[in-house]
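# Coordinate analysis (summary)
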Amino acid sequence: MEKVEQVFEGVYYEVKPITHAFVFELKQQWKKFVSFSILSFVIVFLMSFVMYALEPTSLLPDTQTDFLNSGLTFLSMFILIFAACFFFSGIICTEFDKKTGYIIFPKINKFKLIIGKYIGNLMLIIGVVAIYYITLGLFCWYYYGVSVNLLFLASFAIAIVYVIAVSSFVTLFSSFMKSVNMTIISTILILFIGFTMADQLITVFLPDVEPIYSIQYASNLISSILTQPFPDPRYTDITMRDFTVRTWITPTIEIGMTVLVIYMITSLILASIIFKRRQL
Amino acid sequence: MLKNNKSVRIRIISILTLSIILIGTFSTVATATTYYSTLAKGTEFFQVSTFNETAWQTTVSTNSNPSDWFEGDANITGAQSKFTTMGWTSVTWEMYDVLTLIILTDIDALNVLMTIGQFGYNETEINDNYTNTYSLISGIRSEWYFISGAFNESYNSATDMSIILSNPIDYKKILDDYNDLVSVIQADFLGPADATVKAVFQNMTADDFLWQIALNNLAMGSPISMYIEELVDSLGCENASYSGNKLIIERIGEANYTVELTYGVQGTLTSFVVKDATGTIIYQFISMGNTNWIVYIIVGVIVGCLSVVVVYIAYKKRKFNKLIR
């Protein structure tokens with residue numbers, strides 16, 4: 001019994017610095033959270049209410065799935081990427097920017113500090129995603145009278161995995177970049193332009209190759225999971241004269257989730273290695 | 001002194017301007033003679049609450065059931081249907097549009113119209129001969145037919161319409177033009193081979209016409225009771241009456257029966273009741289409304305919670321500031 005108590009006490013003292021860092025990060029970033037929450041609400045409000053309710057000729061999508069699909073595309077394309085970049089860009093690089101990363105005998109273990117900060121930011125960004133989903137779900141209920149179903153929750157779960165993958169990717173950049181601004185600019189450029197250009201090149205030169213390397217492509221799963229039956233085939237072919245362009249719609253659930261988990265694990269491992277080396 | 005005079009003048013001008021705007025607004029409402037649409041985007045659910053099959057067969061028809069009037073499992077008590085109003089547009093129809101979209105709704109009848117098009121009854125000819133135009137609001141809806149189980153994800157019909165003619169008197173013009181066209185066609189297609197054409201194009205009484213549009217896509221402009229009144233009176237129906245937002249049509253099947261159609265605030269059908277001569281309900285489906293109120297409550301709760309949080313933070317901050325002082 002005493003041993004169990006000792007183990008619990010040990011775990012408590014191990015976790016305590018992480019919770020302190022977590023709470024500190026929540027207090028530190030709450031303004032960003034409020035800004036992104038308001039932005040999420042306003043975007044859904046504009047897309048779902050102003051666009052349809054105020055303009056009679058702007059037709060509602062035929063079904064609730066189409067309605068949710070159109071709303072979630074914007075989430076995965078813009079909100080999540082921007083939120084991840086703004087929340088996670090400073091997670092490691094600020095420690096070196098403000099010289100706190102070079103302290104030789106810190107009061108708090110630096111890895112625990114980063115873990116606490118990471119979880120804190122992740123919770124805030126999940127909160128933003130939840131607000132987006134709740135607002136969209138309410139508008140869906142308003143227009144279609146249908147409560148959220150399991151697929152909507154599955155989509156939310158995939159969005160969270162996607163957020164973790166993107167935030168890990170941004171954390172990796174934060175581990176070797178010098179400033180927050182540089183991290184934000186470079187990750188936004190890579191996530192928006194880099195992956196899109198790579199996808200275009202693959203589409204043109206290797207149309208049969210599915211772009212499973214792309215985190216952007218994996219994000220299509222967030223909206224396509226709602227489509228029943230699941231898209232099959234998962235691509236569309238457009239033939240112009242003798243030239244066929246193949247556009248991939250979505251990865252399978254298994255492949256999509258695997259890609260996101262690989263991004264997540266690889267990025268976090270690399271970020272921790274770089275962070276450790278950077279301190280020396 | 002000068003300043004005081006100026007502010008008094010500004011106040012008087014402001015009050016006058018406001019009064020003019022208010023008087024203008026209210027007088028416009030009071031003297032409104034045209035009808036307007038109150039359609040709203042959203043989904044409305046219906047449920048069959050009563051179906052007495054035996055009474056139906058002895059009163060309405062021995063060899064039909066409600067699913068001949070409404071698609072799907074309309075003859076099963078508890079079956080539900082729904083439609084989503086996706087939007088609406090203001091359009092102007094000519095006679096050919098009216099023919100194809102209101103009168104000849106049956107696909108076989110439309111095929112006959114296409115066939116006689118080559119004999120001078122095409123769109124151009126018909127519209128040239130019947131020059132009335134009809135301005136209307138066309139509501140675009142996706143419809144799920146009555147089903148006794150859960151709704152499918154995809155709709156049964158994406159092209160369903162609810163039609164609100166800007167002026168209910170236009171229904172009379174439509175009927176007159178149609179009956180005139182029928183008489184011309186009947187006179188033109190005299191041979192025995194033209195029996196199909198004659199069968200499709202037959203004179204329609206005001207009561208039959210009202211029954212047909214009521215079963216299909218009739219919706220009312222607002223004020224609804226006035227619209228129904230004007231519609232029934234202008235058509236000159238012998239077996240139709242009205243009571244508030246209710247349109248009552250008397251019909252004869254195996255015996256006399258009455259159909260009561262109630263129109264809700266949006267001008268669309270919210271209740272359909274078939275009664276026998278004694279007033280006993282044989283068949284009924286009613287609107288279960290929409291779930292907008294749930295959303296309003298949730299939004300209200302969220303806004304309330306946020307307000308409490310804001311007030312609490314402000315209170316704490318004030319208390320903190322007082323302590324510092």
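Residues numbered from 1 in each chain as written. Chains lettered and ligands numbered in written order. Predicted model: local features only at pLDDT ≥ 70, side-chain atom pairs only at ≥ 80, totals over all residues.

## Observations regarding the overall build of chain A
A count of helices and strands for chain A gives nine helices and two strands. Ordering the α and β elements of chain A from the N terminus gives α-α-α-α-α-α-α-α-β-β-α. Taking the principal axes of its C-alpha atoms as reference, chain A extends roughly 65 × 45 × 40 Å. Here chain A, with 280 residues, has 39% of them falling under the buried criterion. Once local pairs closer than 6 in sequence are excluded, the contacts in chain A between residues at least 24 apart make up 81%. (Helix = DSSP H or I, 4+ residues; strand = E, 2+ residues; numbered from the N terminus. Buried ≥ 20, exposed ≤ 12 C-beta atoms within 10 Å, placed from the backbone. Contact = placed C-beta atoms within 7 Å.)

## Remarks on the confidence of the model for chain A
Residues shown with low pLDDT carry predicted positions that ought not to be read at fine detail. Averaged over every residue, the pLDDT of chain A is 87; the share at 70 or more is 94%. Looking over chain A, one finds the lowest element-wise mean pLDDT in helix 3 (residues 93-97) of chain A, namely 77, and the highest in helix 5 (residues 150-176) of chain A, namely 93. (pLDDT = per-residue confidence, 0-100.)

## A look at the sheet that holds strand 5 (residues 240-243) of chain B
All names here are of chain B. If you walk across this open sheet you meet the nine strands as 4-3-2-1-9-8-7-6-5, and the pairing is antiparallel. The open sheet has two edge strands, strand 4 (157-165) and strand 5, and neither has a second partner. Each strand of the sheet is rotated relative to its neighbour by a mean of 25°, with strand direction disregarded. Sheet analysis places strand 3 (residues 134-147) next to strand 4, joined by seven bridges and oriented antiparallel. Bridge assignment links isoleucine 140 to a residue of strand 4, and that residue is methionine 161. (Pairing = 2+ DSSP bridges. Axes fitted to C-alpha atoms, helices over the stretch in contact; angles between N-to-C directions.)

## Description of the domain arrangement of chain B
Taken domain by domain, chain B comprises domain 1 (1-30) and domain 2 (42-94 + 132-166 + 205-296). In this structure, domain 1 of chain B and domain 2 of chain B have C-alpha centres spaced 48 Å apart. (Domains from an automatic or database assignment.)

## Some remarks on the confidence of the model for chain B
Residues and elements named next belong to chain B. Per-residue confidence for chain B averages 86 on the pLDDT scale, and 91% of its residues sit at or above 70. When the elements of chain B are averaged for pLDDT, helix 1 (residues 2-30) gives the smallest value, 61, and strand 7 (residues 256-263) the largest, 95. When the criterion is pLDDT under 50, residues 25-32 qualifies, and its contacts beyond four places in sequence or with other chains add up to zero contacts. Here the predicted complex carries an ipTM of 0.75, next to a pTM of 0.81.

## Looking at the packing of helix 1 (residues 2-53) of chain A against helix 2 (residues 64-88) of chain A
Residue and element names in this part refer to chain A. One can describe the packing of helix 1 onto helix 2 by two numbers: an axis separation of 12 Å at closest approach and a directional angle of 165°. Regarding the angle of helix 1 to helix 2, the classification is roughly antiparallel. Every pair of crossing elements has a handedness; the one defined by helix 1 and helix 2 is right-handed. Here helix 1 contributes Gln29, Lys32, Phe36, Ser40, Ile43, Val44, Met47 and Ser48 to the contact with helix 2, which in turn contributes Gly71, Phe74, Ile79, Ala83, Phe86 and Phe87. Residues belonging to the contact of helix 1 with helix 2 are distributed by class as follows: nine nonpolar, four polar and one charged. (Parallel < 35°, antiparallel > 145°, perpendicular 65-115°, else oblique. Left-handed = near helix turned anticlockwise from the far one by under 90°. Nonpolar A, V, L, I, M, F, W, Y, C, P; charged D, E, K, R; others polar.)

## So, the interface of chain A and chain B
Residue-level contacts link 17 residues of chain A with 22 residues of chain B. The element that contributes the greatest number of residues to the side of chain A that touches chain B is helix 4 (residues 110-144) of chain A, accounting for five residues.

## Some remarks on helix 5 of chain A
Given 3.6 residues per helical turn, the α-helix brings residues three or four places apart onto the same face. In a regular helix each residue adds 1.5 Å, so 27 residues correspond to 39 Å; helix 5 of chain A covers 40 Å between its end C-alpha atoms and thus fits that length. Burial of helix 5 of chain A is extensive: 19 of the 27 residues sit out of reach of the surface. (Expected span 1.5 Å × (residues − 1).)

## Describing the nonpolar core
A general trend in soluble globular proteins is that nonpolar side chains are found buried together. Residue and element names in this part refer to chain A. Core analysis: the largest hydrophobic core is formed by 137 residues, its most contacted members being Leu80, Ala84, Tyr162 and Val166. Sort the elements by how many residues they give to this core and helix 4 lands first, with 17 residues. Excluding anything up to four places from it in sequence, valine 166 contacts Leu80, Ile81, Ala84 and Ile215. (Core = buried A, V, L, I, M, F, W, Y, C linked by C-beta atoms within 7 Å.)

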